[in-house]
Amino acid sequence: MTDETTPLDRRSFLNGAIGIAAGLGGAGLLSHTVLAQTTAAGSDCAPPLAAGGSFSPIRAEMDVNDCVIEGTIPADLNGGFYATGPDPQYPMAKGNIVFDGEGHVRMFRIKNGRVDYRSRFARTERFMAQDRARRALMPMYRNPAMDDPSVHGLSRSTANTHVLNHKGLILALKEDSPPCAMDLNTLETVDPVYTFDGALPHDRPFTAHPKICSTTGNIVAFGYEARGFGSDVVAMFEIDRHGNKVWEAEVKVPYVCLMHDFAVTENHILLFVIPLTIDHEQMKRGGIHWSWDGTRKTYLGILRRHGDGKDVQWIEGATRSGTHTMGAFEDKGRIYFDTEVTVASPFPFMPNKDGSPPDFVNATSYIHRISANLNGRNKTYEIEKMYPLIAPLPRQDDRYNTMPYRYGYMGCPDPNEPNRARAGACYARVDNQTRTFDLWNAGPTVALAEPVFAPRRTDSAEGDGYLMGVAYHLDQNLRSDLVILDAQHLAAGPIATVKLPVQASPQVHGWWVREDQYPA
Ligand code: V55
Ligand code: FE
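Residues numbered from 1 in each chain as written. Chains lettered and ligands numbered in written order. Predicted model: local features only at pLDDT ≥ 70, side-chain atom pairs only at ≥ 80, totals over all residues. Heavy atoms only, no water.

**Structural notes on the site of ligand 1**
For step 1, the next point in the chain: Close contacts around ligand 1 come from F99, Y141, N160, T161, K174, E175, H260, H324 and F347, and that covers them all.
For step 2, the next point in the chain: Between Y141 and ligand 1, the recorded distance is 2.7 Å, taken from a side-chain N or O atom to an oxygen atom.
For step 3, the next point in the chain: Coverage of ligand 1 by the protein chains reaches 98% of its 300 Å² of free accessible surface.
For step 4, the next point in the chain: Of the residues belonging to the shell around ligand 1, the class tally is three nonpolar, four polar and two charged. (Near = heavy atom within 4 Å. Polar contact = N/O pair within 3.5 Å; in protein donor to acceptor, adjacent residues only side chain to side chain. Areas by Shrake-Rupley, 256 points an atom, 1.4 Å probe, with all protein chains shown as cover. Nonpolar A, V, L, I, M, F, W, Y, C, P; charged D, E, K, R; others polar.)

**Some remarks on the nonpolar core**
For step 1, the next point in the chain: Among the nonpolar cores identified, the biggest contains 49 residues, and V234, M236, M259, I269, L271, L300 and M350 are the most heavily contacted of them.
For step 2, the next point in the chain: Residue contributions to this core peak at five residues, all from strand 15 (residues 268-273).
For step 3, the next point in the chain: In this structure, L271 is in contact with V234, M236, V251, M259, F262, Y299, L300, G301, L303 and W314, ignoring residues within four places of it in sequence.
For step 4, the next point in the chain: Counting 33 residues, the second largest nonpolar core, distinct from the first, contains Y194, F206, A208 and I212. (Core = buried A, V, L, I, M, F, W, Y, C linked by side-chain atoms within 4.5 Å. Buried < 20%, exposed > 50% of the residue type's maximum accessible area, 1.4 Å probe, protein only. Helix = DSSP H or I, 4+ residues; strand = E, 2+ residues; numbered from the N terminus. Contact = heavy atoms within 4.5 Å.)

**Details of the pattern of salt bridges**
For step 1, the next point in the chain: The full count for this structure, using the stated rule, is 38 salt bridges.
For step 2, the next point in the chain: Between R142 and D176 there is a salt bridge, with the nearest N and O atoms lying 3.9 Å from each other. With R142 in the loop between helix 3 (125-133) and strand 6 (162-166) and D176 in the loop between strand 7 (169-173) and strand 8 (180-183), the pair connects residues that are 34 residues apart, well separated along the chain.
For step 3, the next point in the chain: D176 sits in the buried class, given a relative accessible area of 16%.
For step 4, the next point in the chain: As a salt-bridge pair, D311 and R304 come within 3.7 Å of each other at their nearest N and O atoms. (Salt bridge = Lys/Arg side-chain N within 4 Å of Asp/Glu carboxyl O.)

**Quick notes on unusual backbone geometry**
For step 1, the next point in the chain: A positive phi angle, close to 55 degrees, is found at R435, a residue other than glycine.
For step 2, the next point in the chain: As for its position among the elements, R435 is in the loop between strand 26 (425-431) and strand 27 (436-443).
For step 3, the next point in the chain: Relative accessible area serves as the criterion here: at 31%, R435 is assigned to the partly exposed category.
For step 4, the next point in the chain: A positive phi angle, near 55 degrees, is found at N477, a position not held by glycine.
For step 5, the next point in the chain: The residue N477 is located in the loop between strand 30 (465-473) and strand 31 (479-486) in this model.

Everything listed is a geometric property; what it means functionally is a separate question.
This is the structure:
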């Protein structure tokens, strides 16, 4: 893709690639994605945004106390909305990709009707070393051979993918490394390599998509390439509220791949092996870690939680990608795994192994339900498209991560408007019981980042609460709002809009921290 790319092409590209929502999909990420596109195309400078605004990384760390609010923050909405996303600390090397920018963590702290905004870089070992050297020292996405020798042995985490709270900390995650721990109130980095008191060694991976067990509150997580660079071992572990490791097991995967997410049910772990495969030749040429190998099948792995991993069964399926879980559960001897699925690589900025150009059409994500029997006698897994919504980043009420659930939430282009250029960005709630959906359309000049759900009370019924997310205004230099909707009445539009004076930092994923989860 070059500077001549039309706005519509960009839209399609981003819908597939990062596609957070609507027209453009997370403008914060948009900027970096297009930056990556242009660097890949050999241009040194980024083109201006089609719909207005700047492609430059933000880099600035901000405090905006007492943000201007339109409408009223609900009295029962107290807590914090945290997110992270890539914001390159130094210009990205030619051929590098958006996923390699340094994690810029932001929070909207909501309390008693007021909102304070704060953003800080995650001060990872990589960030600090580069800050001292005043230049990039790990210039290629997950390719340690390209590192400057001075950073040998340091954590390569960018902390740019997801966040969750644990023991009064916010953990900023990158799937190749342990978390980067930050103070929940100040966003000061307190431990750049958080090992859960040694349970997770310094060089071990920790997924960006851990699940919270719906019955115990434990963190269930995994790490792929767990026994060193390129290893075919996936380690899974469970950590209780106090930080104690209460379970650990390992399995070997059919082939090494970008295993970005997984699913956990009451008694099982589900892994999904997809054709974004490790590419040693490409790395030797100075490239990134992954390429898409369309000759590979997928494998759904099922194993018991709290077992030794030896019971794992791998079920072969068609060539697909699935990178984000909406929800998963088990019922009457069957597992159900709701995930967004694409037919081709979801990340067209990663090379195809056969050298073919990106397949933008088949990079489009739809939510599918994958299911299989727990009796070990599956020939393949069942797979069914659930909704006509283009939605690469589906979420749920996170109290339901491991149990049967009804509702999902996502940003998507308006499915009722076939012309994508006009469709406008929506937040949607899907109802898996009736297979229907509700929409709020933010309009065609807005890009919406992935939303999060905040329950009204700790013990509210599923779906009783608020849906919130960041809206980037494409016609206002990406100036951003936090929009807060009643999750049961999305079509009514925001009940409160928190207005930032500037562009919010980029977001890949975000997390809601309830008021009762803050340290006293
Ligand atoms: C994803 C994002 C990443 C990454 C691997 O959304 C996969 C998927 C922001 O970094 O490194
Ligand atoms: Fe993700």
